[in-house]
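Each chain is listed here by its residues.
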Amino acid sequence: SISGVDIYNDEAASLLDRGNNIDQFSTLEAESRITENVKIRVKKYMSSMDSIDKSWTASSTTGNKTRVLNVIDGTEANLEIGTAIDLNILVGVDAKTHDWKTFTQVLNLQGAEISSGDPENQSINSSGVFAQADYELNKKLKFLTGVRQETHSTFGSEMLPNAGVVFSLFPTTI
């Protein structure tokens, strides 16, 4: 204890909950059947995660307050087309933005702010276009194939093909 304030080493300080978290999520989804075999779905979502952490170490007479604000904003849309021969086709697009800001402040032992710097801003964007087809041979056997073009602001662009076989052992298996 220094001046009546408990001081902890790095390991013990990380176990203390000296901050708080505020998480908010919202989703709006609309789906419509255009015809008996065609369905469209649009989804808009947003999440905000705000976390604050305060820490002091025994080797210093100051502490740190770090606040990280994450915001994720995304949109998805797809079109599902069913055919008379047990073939289903799904095509769609999606886009997502991850923005976050990190605020750091130096605190005295009483927890009052001594100094602060400019917030650090970062962002990542991703988007994709996809198509998938599945064919149900019978109630137990389904074949799937598809392709997705993914574009990421950090990792670049890539074409991702997929294929699969689903065997349902029991009638209740989905």
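Quantities reported herein were computed from a predicted structural model and do not represent experimental measurements.

Talk me through the overall build of the protein; I want residue IDs and the actual numbers.
Along its length, the protein carries 1 helix and 8 strands. Secondary structure elements of the protein occur, N-terminal to C-terminal, as α-β-β-β-β-β-β-β-β. Residue burial in the protein is summarised as follows: out of 174 residues, 16% are buried. With an accessible surface of roughly 11,900 Å², the protein has 55% of that area assigned to carbon and sulfur atoms.

Provide a residue-level description of the side chain of His152, including the pertinent values.
Among the secondary structure elements, His152 is positioned in strand 7 (residues 141-152). Engagement of the side chain of His152 in a polar contact is seen with the backbone nitrogen of Thr154, the distance being 3.0 Å. Contact partners of His152, with chain neighbours within four places excluded, come to Ile124, Asn125 and Ser126.

Please set out the pattern of salt bridges residue by residue, giving values where relevant.
Applying the stated criterion across every chain yields a total of 8 salt bridges. The salt bridge partner of Glu76 is Arg41, with a shortest N-O separation of 3.5 Å. Here the residue Glu76 occupies a position in strand 3 (residues 63-82), and Arg41 occupies one in strand 2 (residues 38-56), the gap between them amounting to 35 residues.

Go over unusual backbone geometry with me, naming the residues and quoting the values.
Phi at Asp86 is positive, roughly 60°, even though this residue is not glycine. Assessed through its relative accessible area of 44%, Asp86 is described here as partly exposed.

Hey, could you go over the environment of Tyr135 for me, with residue numbers and the actual values?
The topology assignment puts Tyr135 in strand 6 (residues 120-136). Of the residues examined, Tyr135 reaches a relative accessible area of 34% and is grouped as partly exposed. In sequence terms Tyr135 and Val165 are 30 residues apart; their C-alpha atoms lie 9.7 Å from each other. Non-local contacts of Tyr135, meaning those with residues more than four positions away in its chain, are made with Ile85, Asp86, Leu87, Leu141, Lys142 and Phe143.

Could you give an account of the pairing of strand 8 (residues 156-167), naming the residues involved and the relevant values?
Across 12 bridges, the pairing between strand 7 and strand 8 is antiparallel. From the neighbouring strand, Val147 faces strand 8, where its bridge partner is Pro161.

Quick rundown of a nonpolar patch on the surface? Include the residues and the values.
Taken together, the side chains of Tyr135, Leu137, Phe143 and Val165 define a hydrophobic patch exposed on the protein surface, amounting to about 360 Å² of accessible area. Checked against the element boundaries, Val165 lands in strand 8.

Account for the environment of Pro119, with residues named and values stated.
Positionally, Pro119 belongs in the loop between strand 5 (113-116) and strand 6. Judged by its relative accessible area of 35%, Pro119 falls in the partly exposed class. The sequence separation of Pro119 and Val68 amounts to 51 residues, and the corresponding C-alpha distance is 9.4 Å. Not counting residues up to four positions away in its chain, the partners in contact with Pro119 are Thr102 and Phe103.

For the environment of Val106, give the residues involved together with the corresponding values.
Mapping Val106 onto the fold places it in strand 4 (residues 87-107). For Val106, a relative accessible area of 27% translates into the label partly exposed. Expressed as a C-alpha distance, the spacing of Val106 and Gly63, which sit 43 residues apart in the sequence, is 5.8 Å. With residues near it in sequence (within four places) discarded, Val106 still touches Thr62, Gly63, Asn64, Ala112, Glu113, Ile114 and Ser115.

Criteria and cut-off values
Residues numbered from 1 in each chain as written. Predicted model: local features only at pLDDT ≥ 70, side-chain atom pairs only at ≥ 80, totals over all residues. Heavy atoms only, no water. Helix = DSSP H or I, 4+ residues; strand = E, 2+ residues; numbered from the N terminus. Buried < 20%, exposed > 50% of the residue type's maximum accessible area, 1.4 Å probe, protein only. Areas by Shrake-Rupley, 256 points an atom, 1.4 Å probe, with all protein chains shown as cover. Polar contact = N/O pair within 3.5 Å; in protein donor to acceptor, adjacent residues only side chain to side chain. Contact = heavy atoms within 4.5 Å. Salt bridge = Lys/Arg side-chain N within 4 Å of Asp/Glu carboxyl O. Pairing = 2+ DSSP bridges. Patch = residues over 30% accessible without salt bridge, like charges linked within 9 Å, V, L, I, M, F, W, Y side chains within 5 Å.

Interpretation in functional terms is not warranted from these geometric data alone.
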